[in-house]
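Architecture and fold: a report
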Amino acid sequence: MSPSIHKTLLLASMLTGAALTGPALAVPLKNTQAPLTADVPTGWEQRPYPNSLPGITVMAPGNPPPAVLQLFYAPYQSKGNDAAALKEFIGGVEGSLTGGGLATLKRVGDRPRTAGGIKGTERVYDLTLKANGAVVRLQYWYGVSKRNLLSVQFTTGPAATAAQRGAFDKALGSLKLK
């Protein structure tokens, strides 16, 4: 495994902890430092990515939030649309999602998907927490640009509305690289 992908996977392994804790999409991301733009739901709170990692977290209203959208990017030099790097990145993230045995992960969907001109992979998972049996749905899009490893993660619980569940596709459809 290349050192840069390994470092990125270590950072991405922290995704699960953050992920566990409607309206029209017309509001751009507030983070102007990010190498990407996307439209996110109005009324959803935009926050820095957890643990000072590179990315943006957008949370639906509610406590706990019924839906969380996370856009992650990490510097990585490649020729772009690098299939080998993409496979390695996905494998590392999937390996981190169980939190060291605190949850089980079941892949329930997998398809190629292009976003922002980047060929990628979309995967859907059910994550079951061993402590209480709670199940959350995870949707990921993974991609590799010429300068970054990218992922868009969408976590929904049973309280998410149909409009909230549509936020992943709408945000991913508006994704653009700077």
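A brief look at the structure comes next. (Residues numbered from 1 in each chain as written. Predicted model: local features only at pLDDT ≥ 70, side-chain atom pairs only at ≥ 80, totals over all residues. Heavy atoms only, no water.)

1. Quick word on the packing of aromatic side chains
Counting across every chain of the model gives 5 aromatic pairs. When the centroid spacing of 5.9 Å and the interplanar angle of 80 degrees are considered together, the rings of Y125 and Y140 count as edge-to-face. Here Y140 lies in strand β9 (residues 135–144) and Y125 lies in strand β8 (residues 118–129), a separation of 15 residues in the sequence. The class of Y125 is buried, set by a relative accessible area of 1%. Take Y140: its relative accessible area is 0%, and that puts it in the buried class. (Phe/Tyr/Trp six-rings, centres within 6.5 Å; stacked < 30°, edge-to-face > 60°. Helix = DSSP H or I, 4+ residues; strand = E, 2+ residues; numbered from the N terminus. Buried < 20%, exposed > 50% of the residue type's maximum accessible area, 1.4 Å probe, protein only.)

2. A look at unusual backbone geometry
Here N63 and P64 are connected by a cis peptide whose omega angle stands at 0 degrees. Here N51, not a glycine, exhibits a phi torsion of approximately 60 degrees, which is positive. Along the chain, N51 falls in the loop between β4 (45–48) and β5 (55–59). In this structure N51 comes out as exposed when scored by relative accessible area, which is 53%. The backbone of S52 sits at a positive phi, close to 60 degrees, despite the residue not being glycine. Note that S52 resides in the loop between β4 and β5. S52 gets classed as exposed once you look at its relative accessible area, which sits at 74%.

3. Let's talk about the nonpolar core
Considering soluble globular proteins, one finds that nonpolar side chains tend to be buried as a cluster. Counting 24 residues, the largest nonpolar core has L29, L36, W44, L69, L71, W141 and L175 as its most contacted members. For this core, the elements supplying multiple residues, two or more each, are β5, β6 (67–75), β10 (148–156) and α5 (167–174). Beyond its immediate stretch of four places on either side in the chain, L29 contacts L36, T37, A38, V40, Q46, I56, V58 and L71. Within the second largest apolar cluster, 20 residues are counted, among which are A74, I90, A103 and Y140. (Core = buried A, V, L, I, M, F, W, Y, C linked by side-chain atoms within 4.5 Å. Contact = heavy atoms within 4.5 Å.)

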